[in-house]
Amino acid sequence: MILQNKIEIIFLVIVIYLVKHFLVNLPLQGGYMLKKTLSGWGFVAPLSLHSGIHAILTLGIVAFFAPQLYWLAIFDFVIHFLMDRIK
């Protein structure tokens, strides 16, 4: 019974995280954030804003389920910044 509850919580967190990712990457990504692909250094502010929104919402999810994992928000920011810049 306890194991099943943990699996349900993990599944719920994954679903919440996927919804967060969808919302931030599509409807919440305004025209300014699309400048994250500019050449030179013009990409830094828009990409930082986009990655920051990801990090803030990740922090909210983590704070609710496992506050000790707060560092995942920083990890999300860095990884999202690098991956979006690479692609």
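Predicted, not measured: the structure shown is a model, and the values here were computed from it.

Participant: Looking at this structure, I do not really get the side chain of N25. What am I missing?
Facilitator: Looking at the secondary structure, you find N25 in helix α1 (residues 2–25). Assessed through its relative accessible area of 19%, N25 is described here as buried. A polar atom in the side chain of N25 sits 2.9 Å from the side chain of H21. When neighbours within four sequence positions are excluded, N25 is seen to be in contact with H50, H54 and H80.

Participant: Mind showing me how you'd approach the pattern of salt bridges here?
Facilitator: Pairing of side chains with opposite charge becomes possible as their charged atoms draw close. The final tally for this structure, using the stated rule, is three salt bridges. In this structure, the salt-bridge partner of D76 is K20, at a minimum N-O distance of 3.1 Å. Remark: K20 occurs in helix α1 and D76 occurs in helix α3 (residues 71–86); sequence separation between them is 56 residues. In this structure D76 comes out as buried when scored by relative accessible area, which is 7%. Here K20 falls in the buried class, since its relative accessible area comes to 6%. With its nearest N and O atoms 3.4 Å apart, the salt bridge here joins D84 to K87. Overall, D84 belongs to the buried group, its relative accessible area being 8%. The network of salt bridges with shared partners includes K36, D84 and K87.

Participant: Would you take a moment to explain helix α2 (residues 44–65) for this structure?
Facilitator: An α-helical turn contains 3.6 residues, so a residue and the one three or four places further along point in the same direction. With 22 residues, α2 ought to run about 32 Å at 1.5 Å a step, and its terminal C-alpha atoms sit 31 Å apart, in line with that. Here α2 has its buried residues at P46, L47, H50, S51, G52, H54, A55, T58, I61 and V62.

Participant: I would appreciate a short explanation of the layout of surface pockets in the present structure.
Facilitator: In this approach, a probe sized like a water molecule rolls over the atoms, and the result shows the empty space that is left. In this model, the largest pocket occupies a volume close to 240 Å³. Around the largest pocket, the lining residues are I9, V13, Y17, T58, I61, V62, F65, A66, L69, L72 and D76. Elements represented by at least two residues in the lining of the largest pocket include exactly α1, α2 and α3. The dominant element in the lining of the largest pocket, judged by the number of residues it contributes, is α2, at four residues. Tallied by class, the residues present in the lining of the largest pocket amount to nine nonpolar, one polar and one charged.

Participant: Sorry, what's going on with the environment of D76 here?
Facilitator: A sequence separation of 61 residues divides D76 from V15, and the C-alpha atoms of the two residues are 16 Å apart. For D76, the contacting residues outside a window of four places in its chain are Y17, K20, H54, A55 and T58.

Participant: Could you clarify how one ought to interpret a nonpolar patch on the surface in this entry?
Facilitator: On the surface, L59, L69, Y70, W71, I74, F75, V78, I79, L82, M83 and I86 cluster together into a nonpolar patch covering about 1100 Å² of accessible area. Top contributing element to the nonpolar patch by residue count: α3, with eight residues. With respect to the helices and strands, the residue I74 is situated in helix α3.

The rules we used
Residues numbered from 1 in each chain as written. Predicted model: local features only at pLDDT ≥ 70, side-chain atom pairs only at ≥ 80, totals over all residues. Heavy atoms only, no water. Helix = DSSP H or I, 4+ residues; strand = E, 2+ residues; numbered from the N terminus. Buried < 20%, exposed > 50% of the residue type's maximum accessible area, 1.4 Å probe, protein only. Polar contact = N/O pair within 3.5 Å; in protein donor to acceptor, adjacent residues only side chain to side chain. Contact = heavy atoms within 4.5 Å. Salt bridge = Lys/Arg side-chain N within 4 Å of Asp/Glu carboxyl O. Expected span 1.5 Å × (residues − 1). 1 Å grid on protein atoms, 1.4 Å probe; cavity = no way out; pocket = protein on both sides within 12 Å on 5 of 7 lines; lining within 4 Å. Points joined across faces, edges and corners; volume = space filled by probe spheres on them. Nonpolar A, V, L, I, M, F, W, Y, C, P; charged D, E, K, R; others polar. Patch = residues over 30% accessible without salt bridge, like charges linked within 9 Å, V, L, I, M, F, W, Y side chains within 5 Å. Areas by Shrake-Rupley, 256 points an atom, 1.4 Å probe, with all protein chains shown as cover.

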